[in-house]
Each structure stands twice: as structure tokens, then as C-alpha cells.
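Descriptive analysis of the structure
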Amino acid sequence: MFLAATIQTKILEFLPLVFTYLCFGLALISVLRGLRMLTKRYRMQHEGLHASCVVRHQTMDGKTVYYPVFAYSGANGQLFDIMGETPYESEAEALQAHRPPVYADERPDAAQELSSGFMFVRPVLLMLLGCIFLGGMVFAMSLLPQQ
């Protein structure tokens, strides 16, 4: 009987520590994922797509021009490559090319039908969830036995 009570006491002392680490890990993951998503969406909205590689084409007069290729992954995870329409005279210029997101699948707010301002809601909610987990961690730390 005494052994069972001792084991139960040890488990009850150990649970707040496990809950503390669990809440800290979930908070860290939620906040980092929300920040990553927020910066990715902000950059996509303001900078557009960047050229990923260059395809070389010969023109009629023997002059070489370069066309950039923009690669991105769609909402369902498919990979798309779109060749740019603007020719560049050097490969370095073509690699520096930017293109605004035009098609619905390219836009970070493609899943939102009401407004592009709603594309920031999910990352903010993830960071808010991380703050709630941090509050749970503080509460679990208060339950730890005092030494």
C-alpha cells in the first residue's frame, strides 16, 4: 500500500514537468511556424516571384537572349514553372528578374475569397496559440513542487 502511494506521489510530481516541456515545445513550434508563414506571405505579396533558373534562346540575328523561369509550388503542392516573357541580354540580369503573382494559385491569399488582408489571420492565430501555450507552461511551472 505504501509503495503504491509513493509511486502515485512521484507521478504527480513528474506530470507538471512533462506538461511544462510539452507546452514550451508546442509554443515554440507555433510561434516559429506563424512567423515563418507571415514573412513568407508578406514577401510574396510585396516582392512577387523570383526567377529560379534561366533558359537560353537564340534569336534570328544570332544574338543570345535569356528568359527567366519562375518556379513555385501551388496550393495543393504541385510544382509549376512559368517562363518569363521579357528577354534579358545577360544571364545575371535574368536571374534577378521578379514577377508579380498573377494566377490565383500563386497568390498567398488564394484560399481567401473575401480580402487579401485575411491572409495574415492564420499566422497571427498560430502565434496567439503559441502565447496560450506559453501561459500553460507558466501555469505548469507553478505546479512544480518547491524544493
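Note that this is a predicted model, so its numbers are computed, not measured.

Parameters and conventions
- Residues numbered from 1 in each chain as written.
- Predicted model: local features only at pLDDT ≥ 70, side-chain atom pairs only at ≥ 80, totals over all residues.
- Heavy atoms only, no water.
- pLDDT = per-residue confidence, 0-100.
- Helix = DSSP H or I, 4+ residues; strand = E, 2+ residues; numbered from the N terminus.
- Patch = residues over 30% accessible without salt bridge, like charges linked within 9 Å, V, L, I, M, F, W, Y side chains within 5 Å.
- Areas by Shrake-Rupley, 256 points an atom, 1.4 Å probe, with all protein chains shown as cover.
- Salt bridge = Lys/Arg side-chain N within 4 Å of Asp/Glu carboxyl O.
- Buried < 20%, exposed > 50% of the residue type's maximum accessible area, 1.4 Å probe, protein only.

So, the confidence of the model for the protein
Scored by pLDDT, the protein has a mean of 77; 77% of the residues are at 70 or more. In the model of the protein, strand β1 (residues 49-58) stands out as the element of lowest mean pLDDT, 72, in contrast to helix α3 (residues 121-143), which has the highest, 90.

Section: a nonpolar patch on the surface
Together, Phe19, Leu22, Leu26, Phe139 and Leu143 make up an exposed nonpolar region whose accessible area comes to about 470 Å². Mapped onto the nonpolar patch, the elements with two or more residues apiece are α1 (2-47) and α3. It is α1 that contributes the most residues to the nonpolar patch, 3 residues altogether. Along the chain, the position of leucine 26 falls in helix α1. The partly exposed category is assigned to leucine 26, whose relative accessible area is 33%.

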